[in-house]
Amino acid sequence: AQSVSQHNHHVILSEAASLELGCNYSYGGTVNLFWYVQYPGQHLQLLLKYFSGDPLVKGIKGFEAEFIKSKFSFNLRKPSVQWSDTAEYFCAVNARNYGQNFVFGPGTRLSVLP
Amino acid sequence: DAGVIQSPRHEVTEMGQEVTLRCKPISGHDYLFWYRQTMMRGLELLIYFNNNVPIDDSGMPEDRFSAKMPNASFSTLKIQPSEPRDSAVYFCASSLGGGAKTGELFFGEGSRLTVL
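A brief report on the enclosed structure follows. (Residues numbered from 1 in each chain as written. Chains lettered and ligands numbered in written order. Predicted model: local features only at pLDDT ≥ 70, side-chain atom pairs only at ≥ 80, totals over all residues. Heavy atoms only, no water.)

### Focus on the overall build of chain B
Part 1 of the reasoning: The number of helices and strands found in chain B is zero helices and 11 strands.
Part 2 of the reasoning: When the helices and strands of chain B are read in sequence order from the N terminus, they spell out β-β-β-β-β-β-β-β-β-β-β.
Part 3 of the reasoning: Rg of the C-alpha trace for chain B: 14 Å, near the compact-globule value of 13 Å for 116 residues, within the 12% margin.
Part 4 of the reasoning: A principal-axis box enclosing the C-alpha atoms of chain B has dimensions of 45 × 30 × 25 Å.
Part 5 of the reasoning: The proportion of buried residues among the 116 residues of chain B is 50%.
Part 6 of the reasoning: If you take every contact in chain B between residues at least 6 apart in sequence, the share linking residues at least 24 apart comes to 54%.
Part 7 of the reasoning: Counting every atom, chain B has about 5700 Å² of accessible surface; 51% of that belongs to carbon and sulfur. (Helix = DSSP H or I, 4+ residues; strand = E, 2+ residues; numbered from the N terminus. Rg over C-alpha atoms; globule rule 2.2 N^0.38 Å. Buried < 20%, exposed > 50% of the residue type's maximum accessible area, 1.4 Å probe, protein only. Contact = heavy atoms within 4.5 Å. Areas by Shrake-Rupley, 256 points an atom, 1.4 Å probe, with all protein chains shown as cover.)

Laid out in structure tokens, this is it:
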């Protein structure tokens, strides 16, 4: 069965600090990878996705993620965070042989201090 | 284009009552998902449909939970009887699937359920 782990439960940063959130998955086959963001009181929204091709993908709001197949990882990065990035971030995996079964990680709460 | 629409946004009920949550997916999407989000367990997939047919309901916690999708534009998640431990935010999501490129999930605003 697929599973997704995220390295940090809660990350606290000051504005302009760099961000890296870790995500690892367990599945040996071909996967599609996603990062979703949930702002306080809102629904989940897609930040970025990887299906194939260049392993470095860019998303909205200056976020990017790198897929490293050998490490089963898909880490999220942003060079300089803003207070408005305060949210919960979820990594998700869909293994292509598992149909549309998306598996989400437990989430990482990011607090950015002004 | 309207997104995924859920109702009610908030529901407070007493233990033992029946609860029905509703979802209208994005027009044209052929997959519909029901997720539950709690502090303790995070985001859990309860069930998903493809072309109105339930594909995987292994995440439905118990027989008290049931989900239907009578047509392409409507789905319900019913809890009967409800219990306090069912308190959570229930999200509906839809996607356009097919082939090697899985469609991204589009989430609704969620239905926050409180069972007293």
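### Overview of the packing of aromatic side chains
Part 1 of the reasoning: Summed over the entire model, instances satisfying the criterion amount to 17 aromatic pairs over all chains.
Part 2 of the reasoning: Seen from their ring centres, Tyr-36 of chain A and Phe-107 of chain B are 5.7 Å apart, and the 80 degrees between their planes marks the pair as edge-to-face. Of this pair, Tyr-36 of chain A sits in strand β5 (residues 31-38) while Phe-107 of chain B sits in strand β10 (residues 106-107), which puts the two residues in different chains. Like Tyr-36 of chain A, the residue Phe-107 of chain B is buried in the burial classification.
Part 3 of the reasoning: Residue Phe-107 of chain B is classed as buried on the basis of its relative accessible area of 5%.
Part 4 of the reasoning: Members of the aromatic cluster, joined through ring pairs, are Phe-34, Tyr-36, Phe-51, Phe-102 and Phe-104 of chain A together with Tyr-31, Phe-33, Tyr-35, Tyr-48, Phe-91 and Phe-107 of chain B. (Phe/Tyr/Trp six-rings, centres within 6.5 Å; stacked < 30°, edge-to-face > 60°.)

### Describing the pattern of salt bridges
All names here are of chain B.
Part 1 of the reasoning: Taken as a whole and assessed by the stated rule, the structure comprises 14 salt bridges over all chains.
Part 2 of the reasoning: A salt bridge links Glu-109 to Arg-9; the shortest N-O distance between them is 3.9 Å. Residue Glu-109 is located in the loop between β10 and β11 (111-115), and its partner Arg-9 is located in the loop between β1 (5-7) and β2 (10-13); the two are separated by 100 residues in the primary sequence.
Part 3 of the reasoning: Residue Glu-109 is classed as partly exposed on the basis of its relative accessible area, which comes to 36%.
Part 4 of the reasoning: Here Arg-9 falls in the partly exposed class, since its relative accessible area comes to 39%.
Part 5 of the reasoning: Here Arg-64 and Glu-83 are joined by a salt bridge, their closest N and O atoms 3.5 Å apart. Placement of Arg-64 in the loop between β6 (53-56) and β7 (65-71) and of Glu-83 in the loop between β8 (74-79) and β9 (88-95) is noted, with a sequence separation of 19 residues between them.
Part 6 of the reasoning: Judged by its relative accessible area of 23%, Glu-83 falls in the partly exposed class.
Part 7 of the reasoning: Ionic contacts of the salt-bridge type, sharing partners, join the residues Glu-62, Arg-64, Glu-83, Arg-85 and Asp-86 into one network. (Salt bridge = Lys/Arg side-chain N within 4 Å of Asp/Glu carboxyl O.)

### Brief notes about the sheet that holds strand β3 (residues 19-24) of chain B
All names here are of chain B.
Part 1 of the reasoning: In space, the four strands of this open sheet follow the order β1-β3-β8-β7, with antiparallel pairing throughout. One side of each edge strand has no neighbouring strand; the edge strands of this open sheet are β1 and β7. Shown here is a sheet whose adjacent strand axes are inclined to one another by a mean of 15 degrees, direction ignored.
Part 2 of the reasoning: As paired strands, β3 and β8 are joined by five bridges and run antiparallel to one another. For Arg-22, the partnering residue across the bridge sits in β8 and is Thr-76. (Pairing = 2+ DSSP bridges. Axes fitted to C-alpha atoms, helices over the stretch in contact; angles between N-to-C directions.)

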